[in-house]
Structure formats: structure tokens, C-alpha cells
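# Chains, contacts and geometry: an overview
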Amino acid sequence: MSYHQRMQEKVAILGARSNLRILALETSCDETAAAVVEDGRRVLSNVVYSQIDLHTLYGGVVPEIASRAHVEKVGPVAQLALSEAGLDMEALDAVAVTAGPGLVGALLVGVSYAKGLAFALDKPLIAVNHIEGHICANYLTWPELEPPFLCLVVSGGHSHLMRVEVDGRYRLIGCTQDDAAGEAFDKAARVLGLAYPGGPRLDALAEEGDAARFALPTPHTQGRYDYSFSGLKTAFINLTHQMKQKGQELPAADLAASFRRAVVDQLVDRAMLAAAELGETRLALAGGVAANRLLRRQLQAACDQRGMALYLPELKYCGDNAAMIGAAAFLRLKHGHVADMALNANPALRLV
Ligand code: KG4
Ligand code: ZN
């Protein structure tokens, strides 16, 4: 019997069991992460090695450097996740890994390591979509949360409004027509001279600024629930250029606050419009930008006003981590999805 056939049988048996322990790996960008998650909701360990220091010098993620660092760290990080969970490899029920989307060279490191480990242990290999991982981070913080719910996914590469359906499928309600919200934050931060990663720094700076000082445009999009950030970005660049040309010193905190408000207003307004028109009662937030302070506050206020339940992931599960991959892998396993040794990294993997 082939590995794949054996694992299909194993997964069918595992699907009916409880206390399933999955070792999950995440190497899609600049974090080398491993975690052990039980039944998709209980985090037994969560190790994240951030490569930020390696990339700061270059002002952004250098794919080749990211891949090399993953190669060095993936083994030690996986071992640490196991020892912090108090388990040896034999105690695992499955190995999960992010298969995409992300940087191909970075993804390949995790995928190759997970394939080798799963094959050597003769345990099932589960391929996870990174975006599904971000959404499932909410299950770690809110063990009682069950679909259906609306989810605003905002990260460095994605700005999606999705509906998480009862059957585990995802429906796209709206998405960005151009840049992602995280990308826009990073670009604006760079214009203000903030170091990489700019999004969190701009957020911190904005806390001290006057958000009403500069008016920035609200874009028109094709779909009612779609997003667009590139016009906003250009307007922001032009505004700062004009100030520099006039020899003015940039009022960085006010600029940061004004930009953040424009991005957050758009995110919140359209998510709430969709929620109202589609009759949704529950909204979750996901992705790196879910850490944004104003976004969290404004969504909370909007949901309170409408009597909607809001689910915010804990800060440690907003940015890239492997616990969220373990949460998503559990759902894949329950649906009988098992990968085989032909699994490849897919930098453009889609969720819908
Ligand atoms: O989900 P993530 O860690 O990686 C991707 O899957 O893309 O998201 C990273 C993005 C970056 O663009 C980063 O600047 C942004 O999330 N980010 C923030 C904040 N924290 C992280 N943006 C705004 N405010 C924050 N507090
Ligand atoms: Zn991410």
C-alpha cells in the first residue's frame, strides 16, 4: 500500500478520535514557526522565530535571505515546539504545513521539512492555506466560535471579506482591487521614514497624531464591498512630496494618524455595510493588520452599535504563527483531506 493510501485510511480513523495533536509548520514569509495544537483549539506550544532583524537592513523581506534562515531554523524551531508541548514525535497524530500563498522559496523549506517528517514518522501530512490559517486563529482565542460568520482578512498580501460557511467552505464577499491594507500601511510608513516592518510602527505613531488634520480620498470600487488602497497611497505620497518641496518638516504623527484613519474607515465601513445588507450577526477579524489598534477599536464600536458579536484574535495570533496553521489543519483532517508526497509549494494558492 502506498503512503497516500495508508494515510487516507489513518485520517478516516483519526477523524473520529479526540485529543488529536498536530505539529504545524509555517514558513511562508519571514517567520519560521512551529506549534503543537490539540483538537484545533488548544495550543500546547507556539514557537515563532522572527527574521525581522535579518531584513531590517534592507527595508523589507529579501526572499533569498528568508529561505536560508528558514533552512537553518525550521528543525530547531520544530524541536522546540515539541519539547515545550512535552511530547516526542511519536506522540503526534499528524504533521501540517503552509503550502501557500507566500514566497515560493520560503514555502518550499517548510513543505520539504514537513514531507520528510511525515514520511519518516508514517503520519498524515496536511497542507494548509495560509489565509485559512489566519481565519482559524480566531478558533484559538474563541473556542466557542463556530461558522457561519463574516471574516475580514487583512494582511500584508490580502484584504478580503469572506463568509465562513457551516460546511467549512469560504465565500468571497469582497476583496481589494489593488493593494492589500498591510502593503499600504508599509508603504506609507516608508514614506514617513519608519523602519521595516512599517505597519506596526505607523500604528504606534498614529496614536499620538491628529487624524483629522489631513483629508485623504475615499475610493470608488466596482463592487459595493470591495476595497482599494492604491489611490490613497498615491495621494499620501503626493501630500508628503509637496510638503518636502516647500521645505516643511513632515508632521509625522498627524500624517500617520490621517492615513491610518482613511484605511481603517474604509475597512470598517464596507465590512459593516456587507454585514448589514447580508444580515450577518457575527464578524471576525484576521491577519497581521488585525493587530492595528484603531481597527480593533473602531470595529468594536461599530459592532456594539449594531448589536453584532465581534471576534478579535489575540495579538500573538494576528501575525504569522504556526498555531493558526494547526487550527486550520484540524479542520482539513476532519474533512478527510490528506496531502501526499507530491505536495508542492504554491505561491499563488487560492482559498476561493
Ligand atoms: O499576516 P501577516 O503577518 O503576513 C502576511 O500574511 O502578509 O501580515 C503582515 C502585515 C504587514 O504588512 C504589517 O505591516 C501589517 O501586517 N501589520 C500592521 C500592524 N501589525 C502588522 N499594520 C497596521 N497596524 C499594525 N499594528
Ligand atoms: Zn500572514
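Small disclaimer: the values here were computed from a predicted structure and weren't measured.

What follows covers the site of ligand 1. Taken together, 18 residues lie near ligand 1, and His-134, Gly-156, Asp-186, Asp-203 and Asn-292 sit nearest. At 2.9 Å, a side-chain N or O of His-134 approaches an oxygen atom of ligand 1. Asp-320 is positioned such that a nitrogen or oxygen atom in its side chain is 3.3 Å from an oxygen atom of ligand 1. For ligand 1, the accessible surface in isolation is 550 Å², of which the surrounding protein chains cover 84%. In a pocket analysis with a 2 Å cut-off to the grid points, ligand 1 is assigned to the largest pocket. Split by domain, the shell around ligand 1 shows at least three residues from each of two domains, domain 1 (3-136 + 319-334) and domain 2 (144-316).

As far as domains go, the chain holds domain 1 (3-136 + 319-334) and domain 2 (144-316). Relative to domain 2, the C-alpha centre of domain 1 lies at a distance of 28 Å. With 17 residues of domain 1 at the contact, the number on the domain 2 side is 19 residues. The junction of domain 1 with domain 2 conceals about 1400 Å² of combined surface from both sides, 59% of it contributed by carbon and sulfur atoms. Counting across the interface, domain 1 meets domain 2 through one salt bridge. Where domain 1 touches domain 2, the interface holds four residue pairs in polar contact (both at pLDDT 80 or more). Elements with a minimum of two residues in the side of domain 1 that touches domain 2: helix H2 (52-56) and helix H5 (130-141). Examining the composition of the side of domain 1 that touches domain 2, we find that five residues originate from one element, H5, more than from any other.

Definitions and cut-offs
Residues numbered from 1 in each chain as written. Chains lettered and ligands numbered in written order. Predicted model: local features only at pLDDT ≥ 70, side-chain atom pairs only at ≥ 80, totals over all residues. Heavy atoms only, no water. Near = heavy atom within 4 Å. Polar contact = N/O pair within 3.5 Å; in protein donor to acceptor, adjacent residues only side chain to side chain. Areas by Shrake-Rupley, 256 points an atom, 1.4 Å probe, with all protein chains shown as cover. 1 Å grid on protein atoms, 1.4 Å probe; cavity = no way out; pocket = protein on both sides within 12 Å on 5 of 7 lines; lining within 4 Å. Sits in = over half its atoms within 2 Å of the grid points. Domains from an automatic or database assignment. Contact = heavy atoms within 4.5 Å. Buried area = accessible area lost by both parts, 1.4 Å probe. Salt bridge = Lys/Arg side-chain N within 4 Å of Asp/Glu carboxyl O. Helix = DSSP H or I, 4+ residues; strand = E, 2+ residues; numbered from the N terminus.

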